[in-house]
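One-letter residues, chain by chain:
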Amino acid sequence: DDLLSIFGNANMDEEINEGDVAFTQGIISGSNAPTKLADANYDGKIDAQDVDRINEIIRGEEKELTVADSIDRNVTVKMPINKLIALGTYRNEAAKILMAQDMMVGVSSDIKEAGYYYPDLADKPAVGTWSAPDSESIVKLHPDIVITSANLERATKLEESLKPANIAVIGLDFYRDNILRSEINTLGFLLNKNEQADKYLQWRSNYDQSIKDYVAALKEEDKP
């Protein structure tokens, strides 16, 4: 599922384009049913201002975006995002896939321990463990967003501690197969790394298809 979980993706596909403008106009006129992501400016109603916001997003002129993360939290972030902190190896792996290492201003301590795998991140300041991050250390690094795991209690606690500094917290896992493609697509959009996200998803789908084809050809007795 490549769903782009960004408000403005009115027709709920994998990108925001003219199709979303037309779909939103259809909602306003009554010919289309409202969707969760059609309220592009996230003000609680679907109207002409959402069409304006979608056009801003298409032009790359949006000042903010609202993302539906993997814990069903709707998080509004200021755009563009220039600095981020990703907590935990799965989140760091995703940032590396998207070639966003230069945007990362801090890492969790587990990345230091796996330095052989993350040599390009080993010198970044540590901000505590991924499961118990140090909010003061995070605030000092002034990230625009912090990406943590899709755990409601953990994300809510971190969000509360970072709220005075206006740092957005987004919960994404990057290991659950049923939502991983959507998460990569969504983070790629937020970080203006659409090309890198597309490249990874194409690479991955080639392997997915090879595996499906191979398994489909196996006889039942050949499956351990």
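As the structure is a computational prediction, the values presented were derived from the model and not from experiment.

The rules behind the values
Residues numbered from 1 in each chain as written. Predicted model: local features only at pLDDT ≥ 70, side-chain atom pairs only at ≥ 80, totals over all residues. Heavy atoms only, no water. Helix = DSSP H or I, 4+ residues; strand = E, 2+ residues; numbered from the N terminus. Rg over C-alpha atoms; globule rule 2.2 N^0.38 Å. Buried < 20%, exposed > 50% of the residue type's maximum accessible area, 1.4 Å probe, protein only. Areas by Shrake-Rupley, 256 points an atom, 1.4 Å probe, with all protein chains shown as cover. Phe/Tyr/Trp six-rings, centres within 6.5 Å; stacked < 30°, edge-to-face > 60°. 1 Å grid on protein atoms, 1.4 Å probe; cavity = no way out; pocket = protein on both sides within 12 Å on 5 of 7 lines; lining within 4 Å. Points joined across faces, edges and corners; volume = space filled by probe spheres on them. Nonpolar A, V, L, I, M, F, W, Y, C, P; charged D, E, K, R; others polar. Arc of directions from axis to C-beta. Contact = heavy atoms within 4.5 Å. Pairing = 2+ DSSP bridges. Core = buried A, V, L, I, M, F, W, Y, C linked by side-chain atoms within 4.5 Å. Patch = residues over 30% accessible without salt bridge, like charges linked within 9 Å, V, L, I, M, F, W, Y side chains within 5 Å. Salt bridge = Lys/Arg side-chain N within 4 Å of Asp/Glu carboxyl O.

**Examining the overall build of the chain**
Here is step 1: Scanning the chain from N- to C-terminus turns up eight helices and six strands.
Here is step 2: Ordering the α and β elements of the chain from the N terminus gives α-α-β-β-β-α-β-α-α-β-α-β-α-α.
Here is step 3: Taking 2.2 N^0.38 as the reference for a compact globule, 224 residues should give roughly 17 Å; the C-alpha atoms of the chain span a radius of gyration of 19 Å, in line with that estimate.
Here is step 4: The principal-axis extent of the C-alpha atoms belonging to the chain is close to 60 × 55 × 30 Å.
Here is step 5: For the chain, the proportion of its 224 residues judged to be buried stands at 46%.
Here is step 6: Roughly 11800 Å² of accessible area belongs to the chain as shown, and the carbon and sulfur atoms make up 50% of that amount.

**Things to note about the packing of aromatic side chains**
Here is step 1: All chains considered together, the criterion is met by five aromatic pairs.
Here is step 2: Judged by centre distance (5.0 Å) and plane angle (90°), the rings of Tyr117 and Tyr118 are edge-to-face.
Here is step 3: Its relative accessible area of 42% is what places Tyr117 among the partly exposed residues.
Here is step 4: Relative accessible area serves as the criterion here: at 2%, Tyr118 is assigned to the buried category.
Here is step 5: For the pair Tyr200 and Trp203, a centre-to-centre distance of 5.8 Å together with 35° between the ring planes defines the contact as tilted. Separated by three residues within a single helix, Tyr200 and Trp203 lie in helix α8 (residues 194-216), roughly one turn from each other.
Here is step 6: Note on Tyr200: relative accessible area 14%, which makes it buried.

**Digging into the layout of surface pockets**
Here is step 1: Here the largest pocket is characterised by a volume of approximately 280 Å³.
Here is step 2: Lining the largest pocket are 15 residues, and of these Gly60, Glu62, Met79, Phe189 and Asn192 sit closest to its centre.
Here is step 3: Elements supplying a minimum of two residues to the lining of the largest pocket: α2 (48-59) and α7 (177-190).
Here is step 4: Residues that form the lining of the largest pocket fall into these classes: 10 nonpolar, four polar and one charged.

**A word on helix α6 (residues 152-162)**
Given 3.6 residues per turn, any residue in an α-helix points the same way as the ones three and four places further on.
Here is step 1: When we look at burial in α6, the residues that qualify are Ala155, Leu158 and Leu162. The buried residues of α6 all sit within an arc of 70° when viewed along its axis, so they share a single face. In α6, the exposed positions angled more than 90 degrees off the buried face are occupied by Glu153 and Lys157.
Here is step 2: Turning to α6, the residues buried within the fold contact α5 (135-140), β5 (145-148) and β6 (168-171).

**Quick look at the pairing of strand β2 (residues 74-78)**
Here is step 1: Only one face of β2 is buried, namely the one carrying Val75 and Val77, since none of Asn74, Thr76 and Lys78 on the opposite face is buried.
Here is step 2: Taken together, the five bridges between strand β1 (residues 64-68) and β2 define a ladder with antiparallel strand orientation. Opposite Leu65, over in β2, you have Val77 as the bridge partner.
Here is step 3: Linking β1 back to β2 in an antiparallel pair, the connection comprises five residues, with Asp72 at a positive phi of about 65°.

**What about the nonpolar core?**
Here is step 1: Judged by nonpolar contacts, the single largest core of 42 residues is most densely connected at Val77, Ile145, Ile184 and Leu191.
Here is step 2: With five residues, α7 is the single largest residue contributor to this core.
Here is step 3: Discounting chain neighbours no more than four positions away, the residues touching Ile184 are Ala94, Ile97, Leu98, Phe174, Ala197, Tyr200 and Leu201.
Here is step 4: In terms of nonpolar packing, the next biggest core, distinct from the first, is built from 14 residues, Leu87, Val127, Ile167 and Val169 among them.

**Describing a nonpolar patch on the surface**
Here is step 1: Together, Trp203, Tyr207, Ile211, Tyr214 and Val215 make up an exposed nonpolar region whose accessible area comes to about 590 Å².
Here is step 2: Along the chain, Tyr207 falls in helix α8.

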